[in-house]
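Understanding the architecture of this molecule
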Amino acid sequence: MLLAAAVMLTVGAIAVTLFIRDRDIPEAEVALPWEHLDLRKAQIYENLRDLQFEFRVGKLSDADYQQTKNSLQGELAGVMAEIDRLKAGGVPTAVQAANKEAAVTASYGTVCPHCNATFANPMKFCGECGKDMRA
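In this convention, every chain numbers its residues from 1, walking through the sequence in written order. For a predicted model such as this one, the threshold for reporting local features is a pLDDT of at least 70, and the threshold for listing and counting side-chain atom pairs is 80 or more; totals across whole chains, interfaces and linings nevertheless cover every residue. To get the side-chain values, all heavy atoms of the structure are used, and hydrogens and water are removed first.

**Here's the deal with helix α3 (residues 62-88)**
The first and last C-alpha atoms of α3 sit 38 Å apart over 27 residues, in line with the 39 Å expected at 1.5 Å per residue. To sort residues, take the accessible area from a 1.4 Å probe on protein chains only and compare it with the maximum for the residue type: under 20% means buried, over 50% means exposed, and anything in between is partly exposed. A run of DSSP states H or I qualifies as a helix once it reaches four residues; a run of E qualifies as a strand once it reaches two. Both are numbered from the N-terminal end. Of the residues making up α3, those classed as buried are Tyr65, Leu72, Leu76, Val79, Ile83 and Leu86. Pairs of residues are marked as contacts when any of their non-hydrogen atoms sit within 4.5 Å. The secondary structure elements touched by the buried residues of α3 are α2 (35-57). Expected helix span is computed as 1.5 Å times (number of residues minus one).

Rendered as structure tokens:
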């Protein structure tokens, strides 16, 4: 039974590898280089809020609170400086990335040039005949 399951899993993996074409896989979203830093900044702000709450409740001494707060604020300053450096370095902003995506989407149509099927939204491939929607 276990051998049969392993064989089926292997056959499935081979089939997926052989029959899925690169053009069928959706394009990866463009990740901005500072997105992970924005997430880290949000985590630090949350940690500062939690720290302040724990201090007000009495779980932390004044010295521990000040030491941890200063450490978090120093890390936050470094993260924000790195974000500013990356944004000033000519890396595309979120608006420019969205405009680029809109331009790519605009190159696809809502009417298939091959079978004349009509769709509500621009599509890369026709839902009827499966061909490329670019004219």
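After presenting the structure, the write-up continues.
**Overview of the nonpolar core**
Soluble globular proteins: nonpolar side chains tend toward being buried together. Counting twelve residues, the largest nonpolar core is built from Leu32, Trp34, Leu37, Ile44, Leu48, Leu51, Tyr65, Leu72, Leu76, Val79, Ile83 and Leu86. The element that contributes the greatest number of residues to this core is α3, accounting for six residues. Once you skip the residues sitting within four places of it in the chain, Leu72 turns out to touch Ile44, Asn47, Leu48 and Leu51. Ranked by size, the runner-up nonpolar core spans five residues in total, among them Cys112, Ala117, Phe119 and Cys126. The set of buried Ala, Val, Leu, Ile, Met, Phe, Trp, Tyr and Cys residues whose side-chain atoms join them within 4.5 Å is what this entry labels a nonpolar core.

**So, the environment of Gln43**
Within the element layout of this structure, Gln43 appears in helix α2. Taking the C-alpha atoms as reference points, Gln43 and Leu76, 33 residues apart in sequence, are found 9.6 Å from one another.

**Thoughts on the packing of aromatic side chains**
Side-chain rings of Phe, Tyr and Trp, where Trp is taken by its six-membered ring, are said to pair if the distance between their centres is within 6.5 Å; with planes under 30 degrees apart they count as stacked, over 60 as edge-to-face, and otherwise as tilted. This model, assessed by the stated rule, comprises one aromatic pair. Note on Phe55 and Tyr65: the rings are 4.2 Å apart at their centroids and 15° apart in plane angle, and the pair reads as stacked. With Phe55 in helix α2 and Tyr65 in helix α3, the pair connects residues that are ten residues apart, well separated along the chain. On the accessibility criterion, Tyr65 (11% relative accessible area) is buried.

None of the figures reported here should be taken as evidence of function without further support.
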